[in-house]
Structures are given as C-alpha cells and as structure tokens.
Amino acid sequence: MKKTYSIFLLIILICTFLFVSADIKKSNLELIGKVIYIDPGHGGPDPGSIYKNIYEKDINLEICKKLETILEDEGAIVYLTRYGDYDLSKSYTGSRKKSDLNNRAKIINASGADLYISIHLNSISSSTWSGAQVFYDDVNKNNYEFAQLMQEQLKNDLKTTRKVKEISTMLMNRKITIPGILVEAGFLSNPNDRYLLQKSDYQYKIVESIKKGIIKYFK
Ligand SMILES: [Zn+2]
C-alpha cells in the first residue's frame, strides 16, 4: 500500500514538473500572440529579376518559408501571400501585375496582422552593388522606425552597408495600412550576393537577422 502511494506521489510530481517546464518554455517565446504576414515577391508568370536560370521568385519563396518556420518557433502566427509558384492576379490581361499587387495588399489589410514583410531581391545593370536593403513607405507612421531597426540588424548580421530608403511609389506597399517594410535581401546582379542567396545556410542567416529585427520592433 505504501509503495503504491509512493509511486502515485512520484507520478504527480513528474506531471507537475512537466507542466511547469512547458509553461516556462512558452513564456520564453518572443513573438507569442503576434500575427505576421510574409509576402514572397513575384510568382507564377512573373519571375522578378533573372540571372540565367536563377529566378528571383524562387529565392524569395525559399527565404519566406524559412522565415515562416523560425517566426512560428517564436510563437508567432504567420501567413504567406503565396505558398507556391503562382501570383495573386485575377486578371490575365495587361494589368496582371497591378491586379497581383492589389490583391496582395487587400489580403494583408484584411488579415488584421500586426506586421508585414515583403521579400524581394534587387538587380541593377552594374554588378558592383551588393547587400541587403530595407525600403518603406511612410503610409504608416511606424514604418520608418521599423525600417531603421531592420536595416541596423541586417548591417550587424550580414555586414551590409546599404541604407534605408523611403519610396512612395511602390504600388502594393502604398496601399497597406498595417506597419511593414520591403526587404531586398541582396543583389541578384552581384556575383557574391548571387552565390550566397542560393545557399540554404545564408538564407537562414538572413531570416535569423530579420527575426531579430522583428523582435526588436515589438519591444
Ligand atoms: Zn522583386
């Protein structure tokens, strides 16, 4: 009888320990309760920037899926505007791009998310420019601060020397009322960036940095 009682007591103690440790783990999550929308640029018939057979749309999606995982690991609720190789256009005529961007803005606004991040890759005619850069539209008063925090974080982690840039002509970002930014993760036109951007471990480095920037923003 005494032995049965001891075993019963031991089980109670183990269960209590498990509940308490699960609770401690939960409280360490930095983004619990936050809803974040991630927007992988381009998709479907719109490849974005191209270098030989390397398409911006594919790298954008790879980075965004990694970002989704690590943000969820911190307790965030995460949505992507696209989960595969397609766009969000409802028009198949000349205004397809416009329709795609409008629909992205529409679903992000309707989501009631706390934050959004668009991921793109830069490309210019010169191959010398490199590094990750943050763009924002001042349509939301928090965007400037969020952009600055993120650029600083990217500078620390990825050694980019680029600076934040405000642009009010980005069709989609102008229409999104919740706070958010656009991150150009690097230049597809630069050989070193292009090499790194295709590497899984570098993509993880980028998303770790973005995660830190997001956590700082919420603090
Ligand atoms: Zn792009």
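Worth saying up front: this structure is predicted, and the values here are computed from it rather than measured.

Criteria and thresholds
Residues numbered from 1 in each chain as written. Predicted model: local features only at pLDDT ≥ 70, side-chain atom pairs only at ≥ 80, totals over all residues. Heavy atoms only, no water. Salt bridge = Lys/Arg side-chain N within 4 Å of Asp/Glu carboxyl O. Helix = DSSP H or I, 4+ residues; strand = E, 2+ residues; numbered from the N terminus. Buried < 20%, exposed > 50% of the residue type's maximum accessible area, 1.4 Å probe, protein only. Donors = N, O, S within 2.8 Å, 3.2 Å for Na, K, Ca; no water. Core = buried A, V, L, I, M, F, W, Y, C linked by side-chain atoms within 4.5 Å. Contact = heavy atoms within 4.5 Å. Polar contact = N/O pair within 3.5 Å; in protein donor to acceptor, adjacent residues only side chain to side chain. 1 Å grid on protein atoms, 1.4 Å probe; cavity = no way out; pocket = protein on both sides within 12 Å on 5 of 7 lines; lining within 4 Å. Points joined across faces, edges and corners; volume = space filled by probe spheres on them. Nonpolar A, V, L, I, M, F, W, Y, C, P; charged D, E, K, R; others polar. Pairing = 2+ DSSP bridges. Phe/Tyr/Trp six-rings, centres within 6.5 Å; stacked < 30°, edge-to-face > 60°. Lys NZ or Arg CZ within 6 Å of the ring centre and 35° of its normal.

1. Observations regarding the pattern of salt bridges
One pass over the full model with this rule turns up 11 salt bridges. A salt bridge links D39 to R104, with the nearest nitrogen and oxygen atoms 2.9 Å apart. Of this pair, D39 sits in strand β1 (residues 35–40) while R104 sits in helix α3 (residues 96–111), placing them 65 residues apart in sequence. Relative accessible area serves as the criterion here: at 1%, R104 is assigned to the buried category. Note that K211 is salt-bridged to E208, the shortest N-O span being 3.5 Å. On the criterion of helical spacing, the pair formed by K211 and E208 is a turn pair, its members being 3 residues apart in helix α7 (residues 200–218).

2. Some points on the environment of D73
Summarising the element assignment, D73 is placed in helix α2 (residues 56–73). The exposure class assigned to D73 is exposed, which follows from its relative accessible area of 53%. Counting along the chain gives 41 residues from D73 to I32, while the straight-line C-alpha distance between them is 9.3 Å.

3. Notes on the coordination of the zinc ion
Surrounding the zinc ion are the protein donor atoms H42 (NE2), E56 (OE) and H120 (ND1), which sit 2.1 to 2.2 Å from the metal. Every donor residue of the zinc ion comes from the same chain, spaced as H-x13-E-x63-H. Remark: H120 occurs in strand β5 (residues 115–122) and H42 occurs in the loop between β1 and β2 (50–51); sequence separation between them is 78 residues. Assessed through its relative accessible area of 12%, H42 is described here as buried. Relative accessible area serves as the criterion here: at 14%, H120 is assigned to the buried category.

4. So, the nonpolar core
By size, the foremost hydrophobic cluster in this structure holds 38 residues, and its most contacted members are L71, I117, M150, I181, V183, I210 and I214. Listed by contribution, the elements that provide at least two residues to this core are β1, α2, β4 (77–80), β5, β6 (133–136), α4 (143–158), β8 (180–187) and α7. Other than its neighbours up to four places away in sequence, I210 contacts L67, I117, I119, M150, L154 and V183. A105, I108, Y116 and M172 belong to the second-largest nonpolar core, a separate cluster that totals 10 residues.

5. Section: the side chain of R104
A distance of 2.8 Å separates a polar side-chain atom of R104 from the backbone oxygen of H42. The residues touching R104, leaving out its near neighbours within four places in the chain, are D39, P40, G41, H42, T81, R82, D87, L88 and M172.

6. Considerations on the layout of surface pockets
Roughly 230 Å³ of volume is contained in the largest pocket. Looking at the largest pocket, it is lined by 16 residues, and the ones nearest its centre are L101, H120, M170, N173 and L182. For the lining of the largest pocket, the secondary-structure elements that each account for two or more residues are α3, β5, α5 (171–175) and β8. Residue composition of the lining of the largest pocket, by class: 7 nonpolar, 5 polar and 4 charged.

7. Side note on the sheet that holds β4
Ordered in space as β4-β1-β5-β8-β6-β7, the 6 strands form an open sheet in which the pairing is mixed. Edge positions in the sheet fall to β4 and β7 (165–166), since each has one partner strand and no second. As defined by bridge partners, β1 adjoins β4 across 4 bridges and the pair is classed as parallel. When the bridges of β4 are listed, I36 appears paired with V78.

8. Looking at the packing of aromatic side chains
For the structure shown, the criterion picks out 5 aromatic pairs. Between Y217 and F218 the ring centres are 5.3 Å apart and the planes differ by 65°, which places this aromatic pair in the edge-to-face class. In this structure Y217 comes out as buried when scored by relative accessible area, which is 14%. For F218, a relative accessible area of 25% puts it in the partly exposed group. Members of the aromatic cluster, joined through ring pairs, are F146, Y217 and F218. In this arrangement the basic side chain of K66 is found over the ring face of Y204, its NZ or CZ atom lying 5.4 Å from the centre.

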